[in-house]
Amino acid sequence: MRPERIRALCSPDEPLEHAVSRVSKAMATEPLLDVQLAELLLGRGSDAALDQVTSLRILEILDRVSTGARLVCAIGQLLGDAHPLIRSKAAMVIGRRTENFDWLDAQLMSAEPRVRANMIEALWENRAPECLKVFMQYRDDVDSRVAGNALYGVYLCGEADAIPSVVRMAGDPDPKFRATAAWLMGKIGQPEFADVLRRMVKDESRGVKGSALKSLVRLNRVRGPGQGPGRSTAGGTAQTERKSIVPDNYFVTWQTEYSVNIDAIDLQHQAFVSLIRQLQEAMLEGRGRVFLETLMDRLVQYTNGHFPFEENMLREHGYEGLAEHIEQHQALSNQVIEFQQRIHDGEAVSNASVLLFLRNWLTDHIMQHDQKYAKALKIAKQVGKPAAPALPPPDPESIPAAEPAPESAPEQPV
Ligand SMILES: [Fe+2]
Ligand SMILES: [Fe+2]
């Protein structure tokens, strides 16, 4: 098949399922089409180089349509690709179908930790008996993700000491390993882990706490309310179960010290705090990644409504720091758009990085810079200028709904 035709078949503009179906059908008459796709990926058979998105799309398609191990060595060359997403995806494709474990051993020894971790994760689905040897070899790796994936592989192979090893890892001095142990406990899903995880929720490391919380939620979901060990009570709901294991100060909620004493602005800031809370809820329920796209749309909406509203109010009052404040709004808007673009492009954006960005926005911009104008406007009011903006409220459609402030809100970990 001609390279242009192959490119059209694999176009990332089409939904993945359509592309997979079309390539599968084409392979019925052209059984070497997957080899041609691999050649194209490696920059052969065509003068035009592939961009990263198209390369990833072809790898996805090959993962779904190519059976057997004939492409493993060809795709192995992509383990040295300049783009980390291509290296990671290539590692997954290889791990799922490798039969040459000597070759795989050599790759595992030379690859970077992230790629090694993916390759080992892909072996979870590989039924070859050699996989256990690989898992055993890497279960004590210096990288926590590699070691965690290998230990989970050991567990899948039915090795008796996998569970005690996970519990031992939970006491590791390195928080990265403790966080991995907490993740493993949720993944394995044994109710007996609940007590260890409850202790880990009080860990000094935020990463360990978060991982332990997620796993506790997962254990409760697997166990169902009112079953097995734990704090559950008969007749409890998934919601009460989840809340029972989350410390009171886990969620970011509205605090009186966030107030700028201008009702219209406070309402909008409450809507922003509500977005942080929604992300935390989504993360706890294991749907954080899916929620990120919706969150970014809501944040764009929020910045389009709130920032001009606030700037108009400051302009109205002749606020001296207006130009600087507008610059800060612009920087925040740019970061939101950048996140939105990266998520749209399929980049791996972590929930934690978005949560950190939003918390910084709250503590740095709202708590400091918005408070600064609040003080200036208060002073202006005292000397006789109007304190409230003579402006219409923003379009309610453009501001996401705020959650009611709790009666007594605990201090937040922001
Ligand atoms: Fe603001
Ligand atoms: Fe502001």
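Residues numbered from 1 in each chain as written. Chains lettered and ligands numbered in written order. Predicted model: local features only at pLDDT ≥ 70, side-chain atom pairs only at ≥ 80, totals over all residues.

A closer look at the overall build of the protein chain
Across its full length, the protein chain carries 19 helices and zero strands. The 414 residues of the protein chain split such that 34% are buried. Counting only contacts in the protein chain whose residues sit at least 6 apart along the sequence, the fraction spanning at least 24 positions is 66%. (Helix = DSSP H or I, 4+ residues; strand = E, 2+ residues; numbered from the N terminus. Buried ≥ 20, exposed ≤ 12 C-beta atoms within 10 Å, placed from the backbone. Contact = placed C-beta atoms within 7 Å.)

Things to note about the environment of G148
Along the chain, the position of G148 falls in helix α10 (residues 144-156). Here the alpha-carbon distance between G148 and T180, two residues 32 residues apart in the chain, equals 6.0 Å. Contacts of G148, omitting those with residues within four sequence positions, involve T180, W183 and L184.

Observations regarding the nonpolar core
Counting residues in each nonpolar core, the largest one holds 84 residues, and the members touching the most others are L37 and A182. With residues up to four places along the chain from it excluded, the contact list for A182 reads A170, L197, M200, V208, S211, A212 and S215. (Core = buried A, V, L, I, M, F, W, Y, C linked by C-beta atoms within 7 Å.)

What to know about the packing of helix α9 (residues 130-138) against α10
Direction vectors running N to C along α9 and α10 enclose 140°, while the axes themselves pass 8 Å from each other. Here α10 runs oblique to α9, going by the angle between their axes. As α9 packs across α10, the resulting crossing turns out to be left-handed. Contacts between α9 and α10 involve C131, F135, M136 and Y138 from the first element and V146, A147, A150, G153 and V154 from the second. Classifying every residue of the contact of α9 with α10 gives eight nonpolar, one polar and no charged. (Axes fitted to C-alpha atoms, helices over the stretch in contact; angles between N-to-C directions. Parallel < 35°, antiparallel > 145°, perpendicular 65-115°, else oblique. Left-handed = near helix turned anticlockwise from the far one by under 90°. Nonpolar A, V, L, I, M, F, W, Y, C, P; charged D, E, K, R; others polar.)

Re helix α8 (residues 113-123)
Among the eleven residues that make up α8, nine are buried, leaving the element largely enclosed by the rest of the structure. Looking at α8, one finds that the buried residues are V115, R116, A117, N118, M119, I120, E121, A122 and L123. Looking at the buried side of α8, the elements it contacts are α6 (84-97), α7 (101-110), α9 and α10.

Here we look at unusual backbone geometry
Positive phi outside glycine occurs at N261, with the angle close to 60°. Within the secondary structure, N261 sits in the loop between α15 (238-245) and α16 (263-284).

Details of the packing of α10 against helix α12 (residues 175-188)
Orientation of α10 relative to α12, taken along the N-to-C sense of each, is 30°, at an axis distance of 9 Å. The orientation of α10 with respect to α12, classified from their angle, is roughly parallel. Between α10 and α12 the crossing geometry is right-handed. Counting all contacts with α10, which are made through S144, R145, A147, G148, L151, Y152 and Y155, the residues of α12 involved are K176, F177, T180, W183, L184, K187 and I188. Here the residues of the contact of α10 with α12 sort into eight nonpolar, three polar and three charged.

Quick look at α9
Among the residues of α9, C131, V134, F135 and Y138 are the ones counted as buried. Relative to the axis of α9, the buried residues are bounded by an arc of 100° and lie together on one face. Those residues of α9 that are buried are in contact with α8 and α10. (Arc of directions from axis to C-beta.)

Observations regarding the confidence of the model for the protein chain
As a general rule, the predicted coordinates of low-pLDDT regions are not to be interpreted in detail. Confidence along the protein chain averages 80 in pLDDT terms, with 83% of residues attaining 70 or more. A low-confidence stretch, residues 386-398 stays under pLDDT 50, and its non-local contacts, those more than four residues away or across chains, total 18 contacts. Confidence over residues 401-414 falls short of pLDDT 50; this stretch has 27 contacts with residues more than four positions distant or in other chains. (pLDDT = per-residue confidence, 0-100.)

Topic: the environment of I265
Here I265 shows up in helix α16. For the pair I265 and F309, spaced 44 residues apart in sequence, the C-alpha separation works out to 8.6 Å. Setting aside chain neighbours within four positions, we find I265 in contact with V260 and E310.

Some words on the environment of T294
You can see T294 is positioned in helix α17 (residues 288-316). Considered as a pair, T294 and Q340 are 46 residues apart in the sequence and their alpha carbons are 9.5 Å apart.

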